[in-house]
Every structure is written in C-alpha cells, then in structure tokens.
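Tertiary structure, described
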Amino acid sequence: MAIFEDLTGLIHKAQEVHLIEKQDEVYVRNQVLDLLNIQSFPNEELTGTEDTIPNLLEKLIAYAIDHDVIEDIFDDKEILSAKIMNCFVARPSVVNNTFYDKYNETPDAATDYFYNLSKNSNYIQMNRIANNVHYKADTVYGELDITINLSKPEKDPEQIKREREMKQSLDYPKCVLCRENEGYVGRIGYPARANHRVIKVPILNENWYLQYSPYVYYNEHSILLCEEHRDMKIDKQTFDRLLSFVDQFPHYFIGSNADLPIVGGSILSHDHYQAGRYEFAMTRAEDEFTFNLNGFPEVSASVLNWPMSVIRLRGADKENLVETGAHILNVWQQYEDDEVNIIPFTGETPHNTVTPISRFRDGQFELDLVLRNNRTSEDYPMGIFHPHEDVHHIKKENIGLIEVMGLAVLPARLKGELEDIKAFLLDKNADVAPYHMPWAEQMKNEHGLLSSLEEAESILHKELGIKFARVLEDAGVFKQNETGQDAFKRFIDTLNK
C-alpha cells in the first residue's frame with residue numbers, strides 16, 4: 001500500500017535531516033502506525049516515497065481522513081500532523097542541551113540548529129508560507145518589503161461550527177505564547193503544539209524562552225517569551241533585556257511591540273519580543289540629523305529619515321544605552337504638544353509609548369525608539385496616529401513592530417483584488433472592488449493605458465509600496481513636513497532640559 005511507502009519515505013527524510021538516527025527507525029515507525037490505527041507493516045524492504053517532509057506528512061493525513069481515523073476538519077488535521085511529527089522530535093531537555101553545545105561553538109551554530117529543527121519538524125509551516133506573495137518596492141524611504149499573507153489556512157464551516165458549540169472554559173495554557181504550549185496536543189479552537197520546542201534563555205535573572213514563529217514573515221522570525229504570564233510593558237528593563245539578548249545573540253535583532261492598544265501588537269496579555277536574522281528597510285535608514293544628549297556623552301543620537309518618528313541611539317556600552325533610552329521614554333511618556341495632537345494622558349489613561357528595537361552592528365549596540373501615541377478623536381476614531389481611512393482599502397490593522405520596521409503584512413483578500421486592478425489597468429473587463437476604484441483610476445490617469453501584464457504588475461508593485469509608506473506616515477507622530485519636523489526638534493530640545 002502507498003501508506004507504507006509514504007511512511008517509509010518520511011522516516012528516511014527525517015534521518016536525512018538529522019531529526020532521528022537509523023536506530024530510531026523501528027520505534028518511530030511503530031509510534032506513527034499507532035496514530036494511524038495501523039496494526040501491521042510489510043516484512044519486505046521498502047524504498048520509500050521521495051518527497052519533502054511537509055508533502056509526505058500531507059499524504060499521511062490524507063490516508064487518515066480516507067480511513068476514518070480523523071474527520072476532514074482543520075483542528076483534527078492539525079492535531080494529528082503535530083502528533084506524527086512529535087514522534088520525530090527529541091525531548092525538550094535534549095533539544096536544549098544540543099542548542100547550548102552548539103552555542104559554545106558559535107551563537108550562529110545554535111540558532112541554525114534550532115531553526116532547521118523547527119522547519120524540519122513542520123512546526124514552521126514551510127508549505128503554507130510558500131503561498132505568501134512577497135516582493136520589495138522602491139520608495140523615498142528605500143526598499144520596503146510587501147507581503148500578502150496567504151499562509152494561514154481558512155477555517156472550514158464545520159470547524160467554525162465546532163468552535164461555536166464548544167464552551168471555552170479552559171484556561172490552560174493561558175495563551176498561545178505561554179511556555180506551557182510546548183508539547184500541548186491542542187483542542188478545538190486551540191493550536192496543536194505537540195511538535196513544539198522552546199529554548200530556555202536566561203535574561204536578567206528571569207527565564208525567557210526562544211521559539212520560532214510557525215508562520216515566519218522574515219528570515220528566522222523568532223519570539224522571545226517571558227516564563228511568567230504577564231502584560232506587555234515598555235520600561236527601562238525592556239531596553240536592558242533587548243540589549244542583553246543581542247549581546248548573547250549578536251547576529252539577531254530583537255524588538256518589542258508597543259504596550260498600548262491601537263499602537264501595540266495583537267497580544268498585549270503576555271510579555272514577549274520578536275527577533276530574527278533579517279535586515280529591514282528601517283535598519284538601512286540614514287540619519288536625517290544627529291543631536292547631542294546632555295548627560296549621555298558616550299551615546300550618539302540621531303533622528304532617522306523614516307516615515308515614522310525614530311530616534312536611534314548608538315554606543316559601545318549597552319548600560320549607557322539603557323540609561324539613555326529610559327531617559328527618552330520617561331520624557332516622552334509625559335510629553336505634550338497640542339500643535340501636533342500629542343497629548344500624553346486622558347484622565348489617568350496614558351497615550352505615549354515607544355516601539356523599541358535593538359541590534360549589534362559594526363562593533364556597537366543600537367537601540368531604536370519609535371515614538372508612538374494611541375489617542376483617538378472624532379475625526380480619527382481608530383487612532384490619530386493610525387492608518388487613515390483613505391488607505392484602509394490596503395491596510396487598516398494596527399501598525400506593529402514588523403510594519404514599523406518596513407515590512408507590510410497585508411490581508412489575503414488583496415491577492416485577487418490586485419489581479420482585478422491589473423486587468424483594469426490593461427483596459428480589460430475587471431470587477432474592481434469599489435473601495436479600490438479611486439486608487440485604480442488614479443493609476444490609470446497617471447500612467448495611461450498599459451500594454452503588457454509585466455508593465456501593469458511593475459506599476460502596481462511600486463504604487464503599493466507608496467501606499468504602504470503612506471500607512472507608516474499616518475502612524476508617525478511627527479509628520480514629514482515642516483510643522484512635524486519642527487515639532488520633533490522641540491521634543492529633542494525638551495530631552496536636554
């Protein structure tokens with residue numbers, strides 16, 4: 001039967017990528033057979049199906065559905081997939097010991113090992129990630145990354161029905177970022193994590209855990225999560241942790257979402273950061289101007305040429321950067337400038353915070369502080385410094401850490417909608433969504449009738465980059481005009497009072 005060849009192929013592939021060794025073969029095979037409700041296996045030697053681990057795993061799941069082992073429901077498939085791959089993954093203690101053995105060689109060797117393990121175990125969903133649309137777009141701020149997120153599968157109607165019927169009274173794990181997700185089998189409406197592993201990383205006398213995102217948006221997209229389930233909070237210790245992490249892993253950047261609604265990330269209930277080995281457009285941004293900070297002579301400071309309002313600190317000593325960052329944060333949290341709509345409090349509700357990012361580059365530590373304000377108004381009910389209504393047809397979600405650095409994560413609906421706009425630009429029959437029509441007509445007026453699909457695609461990519469730059473400009477507290485930049489300089493002056 002094909003199932004035996006497929007399972008044999010999966011075992012061979014797992015040996016090839018060093019998930020298991022030859023002597024593990026019988027044990028792993030028997031564990032997977034049990035999960036598939038198969039009680040026997042052919043005596044003859046099998047060659048095994050030649051394919052990738054994700055593709056072979058999909059074949060096993062298809063067998064399970066066809067033979068009534070599971071139903072063709074999203075969560076059933078996810079849980080069985082994770083259980084099968086868990087048979088191939090070492091226990092957490094072994095993974096951690098191997099990681100730190102390799103760390104003693106180089107930090108790069110350690111993260112290379114763990115990243116490959118997370119991909120090969122199918123925890124990182126490489127087949128789904130391959131569906132994403134990704135390209136770079138030239139803008140006045142450099143090359144921005146544009147991604148249309150197609151990696152997260154749509155839930156089928158039966159899955160949605162199950163979730164509605166299930167009483168969500170369980171509070172274990174408390175959230176999807178808790179350390180207790182490691183090895184958790186999953187349930188209806190909660191992710192399967194049987195094949196999930198994390199690395200214990202002590203930071204400032206606390207236990208933090210490193211893992212990779214199952215749907216990576218950039219190279220080695222990782223998450224550092226606190227052992228304690230506690231709310232996100234940006235303070236002096238945040239900067240200390242970020243810089244301590246890049247001291248341990250100098251080939252990675254690390255940053256945090258802001259800690260307030262609207263300008264924060266999607267999960268504010270669990271303290272965590274995002275890291276990885278990738279150079280974002282903001283990393284390459286040049287200084288708009290430099291300035292001195294009284295009391296911090298060993299730290300160089302600059303404002304970046306970037307659509308959002310960013311102060312970059314550089315220095316050889318990370319403690320100096322921590323102190324400087326804390327000073328800027330403390331001043332910003334209380335800062336008010338009515339002329340540019342910056343009000344720090346409504347009653348006791350705070351509005352000013354930062355999105356911090358750190359890295360080690362050219363022998364120096366860097367700490368970027370992106371100034372944020374989450375106030376709303378009658379004119380801007382979703383946020384004064386949030387994408388405005390005229391760009392909602394492209395992006396209306398919160399601008400989090402990844403977008404701040406110059407990588408747009410755009411909704412899946414855009415893939416088909418952009419195809420319709422391309423057809424419109426080529427003067428073909430096209431059902432352009434009404435909310436895109438002003439933009440589509442603007443492009444047609446500016447560029448005229450286009451003659452080729454390649455030309456239409458090139459223009460659309462460029463225009464989408466311009467739109468994303470506008471999204472970021474909306475989120476900037478000090479605008480890219482004379483009034484905004486004068487206001488930014490007033491804030492800099494306040495730092496030296």
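Numbers given for residues are sequential positions, taken from 1 along each chain in its written order. Owing to the predicted nature of the model, reporting of local features is limited to residues with pLDDT of at least 70; listing and counting of side-chain atom pairs is limited to 80 or more, with chain, interface and lining totals taken over all residues. Values shown for side chains rest on all heavy atoms present in the structure; no hydrogens or waters enter the calculation.

1. Regarding the pairing of strand E1 (residues 133–139)
Here, strands pair whenever DSSP counts at least two bridges between them. Secondary structure elements follow DSSP: runs of H or I of four or more residues count as helices, runs of E of two or more count as strands, with numbering from the N terminus. Where E1 lies against strand E2 (residues 142–148), seven bridges are found, and the strand directions are antiparallel. Across the sheet, the residue bridging to Ala137 is Leu144, located in E2. Adjacent in sequence and paired antiparallel, E1 and E2 are bridged by two residues.

2. Re empty space enclosed by the protein
Only protein atoms enter the calculation, which uses a 1 Å grid: trapped sets of points that fit a 1.4 Å probe without letting it out are cavities, open sets showing protein on both sides within 12 Å along at least five of seven lines are pockets, and any residue with an atom within 4 Å of a point is a lining residue. Grid points are joined across faces, edges and corners, and a volume is the space filled by probe spheres set on the points. In this structure the tally under the stated criterion is two cavities of 30 Å³ or more. What the largest cavity holds in volume is close to 50 Å³. Going through the elements one at a time, strand E9 (300–304) and helix H16 (482–495) are the ones with two or more residues in the lining of the largest cavity. Roughly 40 Å³ of volume is contained in the second largest cavity. As for the second largest cavity, its lining consists of Val89, Phe114, Leu117, Ser118, Ser121, Tyr123, Asn195 and Arg197. Each residue receives one of three labels: charged for Asp, Glu, Lys and Arg, nonpolar for Ala, Val, Leu, Ile, Met, Phe, Trp, Tyr, Cys and Pro, and polar for the others, Gly being one of them. When its residues are assigned to classes, the lining of the second largest cavity shows four nonpolar, three polar and one charged.

3. Some thoughts on the sheet that holds E1
If you trace the three strands from one edge of the open sheet to the other, you get E1-E2-E15, paired in mixed fashion. Each end of this open sheet is capped by a strand with a single partner; those strands are E1 and strand E15 (407–410). Across the sheet, the axes of successive neighbouring strands diverge by a mean angle of 25 degrees, strand direction being ignored. As defined by bridge partners, E2 adjoins E15 across four bridges and the pair is classed as parallel. Counted as the bridge partner of Ile148 is Leu410 from E15. Only heavy atoms matter for contacts: two residues are in contact if any of them lie within 4.5 Å across the pair. Between the N-to-C directions of two axes lies an angle of 0 to 180 degrees, each axis being a line fitted to C-alpha atoms and, for a helix, fitted only over the stretch in contact. Strand contacts of helix H15 (residues 453–475): E1, E2 and E15, with the helix running at about 75 degrees to E1, the strand carrying the most contacts.

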